[in-house]
Amino acid sequence: MDKTSMEYSKSDLELQIKLLQDTVQKRQTKTLTIAVIGQCGCGKSSFINTAMAVFSGEYHEHALVGNFENEGEHMTRRLTRYSKEKYLEDKDSLDHCYPTILDMTGFQDTDDEAVRETLEMIFEGRIRDGTKLNSKGRRNVLDIVKPLFPDTKVDRIIFIASAKFEKFPEELMKSVKLLTLEGSRDIPIFGVLTHADEIDVSDPKFCKFEKKFKDCLGLSSMRYLRCTNYCSNFPVDNERIPDVEVPVMRFLRQAPIGKKIHYNLEMIGNSSLSFLLTLIIVPLAERLVKDKCTVSESNGTRVIYMNNQCDSVTEAVNKLAELITNIPSEIYHTHAEKEKEEARNWILEIHEIADEQFEKQAKLVTDLPSKIYTYIEKNKEDTNNQIINEMSNLFHKFQEITDEHFEKLGTNLKETLHNTHQHFEKETKKMRSKVNIEIDSVNYRLQDNNFWMWLIVIVVIALIVVLLYLCIFGMPKNKQQFLKSGSQEDKIEKSVVIASFSTANRQLHKAIADTVAGNYECHELLLGGVKKVSSIELTSQVCLVFVDKNERNIILETEVDISKTRSDFVENLVKQGRTHVVVIYCQHEDSHGLTTLYNRNLGNIRKHKVLRQLQRQNRVLSINKEFSSYQSDYLKVFLNESLTE
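Reading guide: rules and limits
- Residues numbered from 1 in each chain as written.
- Predicted model: local features only at pLDDT ≥ 70, side-chain atom pairs only at ≥ 80, totals over all residues.
- Heavy atoms only, no water.
- Buried < 20%, exposed > 50% of the residue type's maximum accessible area, 1.4 Å probe, protein only.
- Helix = DSSP H or I, 4+ residues; strand = E, 2+ residues; numbered from the N terminus.
- Arc of directions from axis to C-beta.
- Contact = heavy atoms within 4.5 Å.
- Pairing = 2+ DSSP bridges.
- Axes fitted to C-alpha atoms, helices over the stretch in contact; angles between N-to-C directions.
- Parallel < 35°, antiparallel > 145°, perpendicular 65-115°, else oblique.
- Nonpolar A, V, L, I, M, F, W, Y, C, P; charged D, E, K, R; others polar.
- Left-handed = near helix turned anticlockwise from the far one by under 90°.
- 1 Å grid on protein atoms, 1.4 Å probe; cavity = no way out; pocket = protein on both sides within 12 Å on 5 of 7 lines; lining within 4 Å.
- Points joined across faces, edges and corners; volume = space filled by probe spheres on them.
- Patch = residues over 30% accessible without salt bridge, like charges linked within 9 Å, V, L, I, M, F, W, Y side chains within 5 Å.
- Areas by Shrake-Rupley, 256 points an atom, 1.4 Å probe, with all protein chains shown as cover.
- Salt bridge = Lys/Arg side-chain N within 4 Å of Asp/Glu carboxyl O.
- Core = buried A, V, L, I, M, F, W, Y, C linked by side-chain atoms within 4.5 Å.
- pLDDT = per-residue confidence, 0-100.

In the annotation of an unreviewed UniProt entry, the protein is listed under the name G domain-containing protein and assigned to Magallana gigas.

As structure tokens, then:
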């Protein structure tokens, strides 16, 4: 628990509720769509439930909270849009611009192409509400694309991360940031660290984590929040907790749903009197408020605490009203009478000008119809005669041109048909003579070559007899030679491939593998960012596949995951059957110093078909950052047997 965190009172909660309602009711002009993104188990659903409790005043578990850690699954598996109609019970509040909150499945920490395409379709509003985001790839995701509507696009992004997670979601941040900066439009990003009640903010390790989180997303203090959320064990009586709601209210008011609010002094009287009042009253009111308030900074937000002499801003406003009352009434009445007199004179001048202009326009409008009618009647007959003459001339010219063209076309067509007929007769005669000559030649050759045909049949029969003899008596030696040549062509290298999916941990994987395979020829294979891993073929005898620890302990992806890079690569090697595959789950703290090959609590091994097959062959290991003595001895024996066959 953060011992330096601020404790808020009921009055702070009431003040923030009033400011939040004012922001939504008066300052906001458009209903925004806010997408909440993060890894599985980071607290997205809890933050969404807390935000909707802030808006509605009552806590309900709209978004399901929880996950199945040992099984590698999570509660939120569909794309869900929580519009204001879903979480607001007060019908009067539906007229205000409360935001639409977009909840989705947790993404893995990867910069995978399928993840980027899925996020891009979500940001552009091309995925239907309620779509299950657990397909094998992007093929099924493209089947659910709908027509693009502006009101479904994402206007704000809140990236959620857990303050207690040791693994930093850097790759997922890169994907989100790349899409918001280089996409079709810029989308503001905001950051939230949850589980603030389970960490110590003075811990140097957390301070480093927090700074890296803000730097990766480019967050300022107004776009960053460290908070504690409501969870499923919220009290039945729905009592509001200020320590939970006040920071979230400030963040939502200042960041995703709020706009910059400007307060203007109301103008009193004419401009000279307003300027005089501003010079006299504003410095006094500002002084009065400064004397009655204390300002302190905490967690990047500003909090105002009233002391015992001034309990609220209302008292300062009352003091300001007293100052206005004490201004001499003669000044106000003098300026007021002067303004009224000037206004009367100005109105009289306007009326005189308006009456004069109205009379001119009325006279013009009255005379206009008669002038127009006279002009039309005068020019109607001349215009009609001119149009008829022009149309008649055009028709005669068109008829003459058409007759001439048709006559020429008929003559040319007759000549073309006559020439074509003569040419066709000539070519037909030539083809008939050639065909007759070829038929006579073929008949002659058939009659003359009967002897040669019988001779060819005898030779073919003799060749068949010779081949049968060779197949029966000469096959063993030839078969041995063929098998020897075939084995030489299919021979693969007696070497070891070290496969990695992460650039950052590539050297660690190489160092771990050298402890058991240092005496053999080793090759490194980096698969991060490779699109078609199923087309890769290896010529080495053994492949050590290193998989880094993740939050859900997914060694090879299952059917519920969006990307299947690791699973497709291993499954392809197993199907080829030429390379011995060993899968090593790395950096798993519970697998330190094992006396077995892997930790039995890893549920993914039992659920994945290929992992079960490799486990039965003793080719699945889980380690921390080095092999145990038992695992090291086993691998040395395995490599010796596999590479000396």
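Next comes the rest of the account.
Topic: helix α17 (residues 609-616)
The complete set of buried residues in α17 reads Val 610, Leu 611 and Leu 614. Down the axis of α17, the smallest arc covering the buried residues is 100°, so these residues share one side. Exposed side of α17, more than 90 degrees from the buried face: Lys 609 and Arg 616 are the residues found there. Buried residues along α17 sit in contact with α15 (565-576), β14 (580-586), α16 (603-607) and β15 (620-622). Where α17 ends, the next residue or the one after it, Asn 618, has phi of about 60°, a positive value.

Remarks on the sheet that holds strand β6 (residues 156-162)
Where strands meet in a sheet, backbone hydrogen bonds hold them as pairs that are either parallel or antiparallel. Read from one edge to the other, the open sheet built from six strands follows the order β4-β5-β1-β6-β7-β8, with strand pairing classed as mixed. Here the strands that pair on one side only, and so sit at the sheet edges, are β4 (80-82) and β8 (224-226). Each strand of the sheet is rotated relative to its neighbour by a mean of 20°, with strand direction disregarded. Note: strand β7 (residues 189-194) against β8, three bridges, orientation parallel. Counterpart to Val 192 in the pairing with β8 is Leu 225. Sitting on the sheet, helix α2 (residues 44-56) is in contact with β1 (33-38), β4, β5 (100-103), β6, β7 and β8, with an inclination near 165° to β5.

Some remarks on the packing of helix α14 (residues 506-517) against helix α18 (residues 629-643)
Contact pair α14 / α18: the axes reach a minimum separation of 9 Å and the direction vectors enclose 65°. Judged on the interaxial angle alone, α18 and α14 are roughly perpendicular. Across the interface between the two elements, Thr 515, Val 516 and Ala 517 from α14 touch Ser 632, Leu 635, Lys 636 and Leu 639 from α18. Grouping the constituent residues of the contact of α14 with α18 by class yields four nonpolar, two polar and one charged.

Digging into the pairing of strand β12 (residues 522-526)
Pairing of strand β11 (residues 493-500) with β12, which is carried by five bridges, proceeds in the parallel orientation. What sits directly across from Val 496, in β12, is Cys 522.

A few points about the sheet that holds β12
Pairing is parallel in the open sheet, where five strands are placed in the order β12-β11-β13-β14-β15. Lying at the two open borders of the sheet, with one neighbouring strand each, are β12 and β15. When the angles between neighbouring strand axes are averaged without regard to direction, this sheet yields 20°. Both β11 and strand β13 (residues 540-548) contribute to a ladder of six bridges, which runs parallel. For Ser 500, the partnering residue across the bridge sits in β13 and is Phe 546. Along the sheet, α15 makes contact with β11, β12, β13 and β14, crossing β13 at roughly 160°. Strand contacts of α18: β11, β13, β14 and β15, with the helix running at about 150° to β13, the strand carrying the most contacts.

Points about the packing of α15 against α17
Put simply, α15 and α17 touch, their axes get as near as 10 Å, and they point 55° apart. Here α15 is positioned oblique relative to α17, judged by the angle of their axes. Read as a crossing pair, α15 and α17 show a hand that is left-handed. For the pair α15 and α17, contact is made by Val 570, Glu 571 and Val 574 and by Val 610, Gln 613 and Leu 614, respectively. Among the residues making up the contact of α15 with α17, the classes are represented as four nonpolar, one polar and one charged.

Some words on empty space enclosed by the protein
Going through the model one piece at a time under the given rule, you end up with five cavities of 30 Å³ or more. By volume, the largest cavity is sized at about 110 Å³. Surrounding the largest cavity, 13 residues form its lining, Gly 106, Gln 108, Arg 552, Asp 561 and Ile 562 being those nearest its centre. Residues belonging to the lining of the largest cavity are distributed by class as follows: five nonpolar, six polar and two charged. Along its surface, the second largest cavity is lined by Ile 34, Val 36, Phe 47, Ile 48, Ala 51, Phe 55, Pro 99, Ile 101, Ile 158 and Leu 252. Counting only elements with at least two residues in the lining of the second largest cavity, the list comes to β1 and α2.

Brief notes about a nonpolar patch on the surface
Side chains of Ile 456, Val 460, Ile 464, Val 466, Leu 467, Leu 468, Tyr 469, Leu 470, Ile 472 and Phe 473 sit close together on the surface and give an oily, nonpolar patch of about 1000 Å² of accessible area. Along the chain, Leu 467 turns up in helix α12 (residues 450-473). Among the residues examined, Leu 467 registers a relative accessible area of 53% and is labelled exposed.

Describing unusual backbone geometry
Residues apart from glycine generally show negative phi values, whereas peptide bonds are mostly found in trans. The phi torsion at Asn 553 lies on the positive side, around 55°, for a residue other than glycine. The backbone of Asn 618 shows a phi angle near 60°, a positive value even though the residue is not glycine. Take Asn 618: it is sitting in the loop between α17 and β15. Judged by its relative accessible area of 40%, Asn 618 is partly exposed.

With respect to the pattern of salt bridges
Evaluation of the coordinates by the stated rule reveals 14 salt bridges. For Glu 124, the salt bridge goes to Lys 153, with nearest N and O atoms at 3.9 Å. Pair noted here: Glu 124 is in the loop between α4 (113-123) and α5 (138-142) and Lys 153 is in the loop between α5 and β6, with a separation of 29 residues, a long-range link. Here Lys 153 falls in the partly exposed class, since its relative accessible area comes to 23%. Here Lys 510 and Asp 514 are joined by a salt bridge, their closest N and O atoms 2.9 Å apart. Separated by four residues within a single helix, Lys 510 and Asp 514 lie in helix α14, roughly one turn from each other. For Asp 514, a relative accessible area of 32% translates into the label partly exposed.

What about the nonpolar core?
Counting residues in each nonpolar core, the largest one holds 45 residues, and the members touching the most others are Val 545, Ile 555, Phe 569 and Val 570. Elements that contribute at least two residues to this core include exactly β11, α14, β13, α15, β14, α17, β15 and α18. Apart from the residues lying within four places of it in its own chain, the contact partners of Val 545 are Ala 499, Phe 501, Phe 569, Val 570, Val 581, Val 582, Val 583 and Ile 584. Listed in part, the 36 residues of the second largest apolar core include Ile 37, Leu 133, Phe 209 and Ile 562.

Here's the deal with the confidence of the model for the protein
Confidence in the prediction for the protein averages 76 pLDDT; 74% of positions are at 70 or higher. The low-confidence segment residues 259-279 (pLDDT under 50) makes 24 contacts with residues lying over four places distant or belonging to another chain. Confidence drops under pLDDT 50 across residues 288-312; counting only partners more than four residues distant or on other chains, this segment forms 34 contacts.

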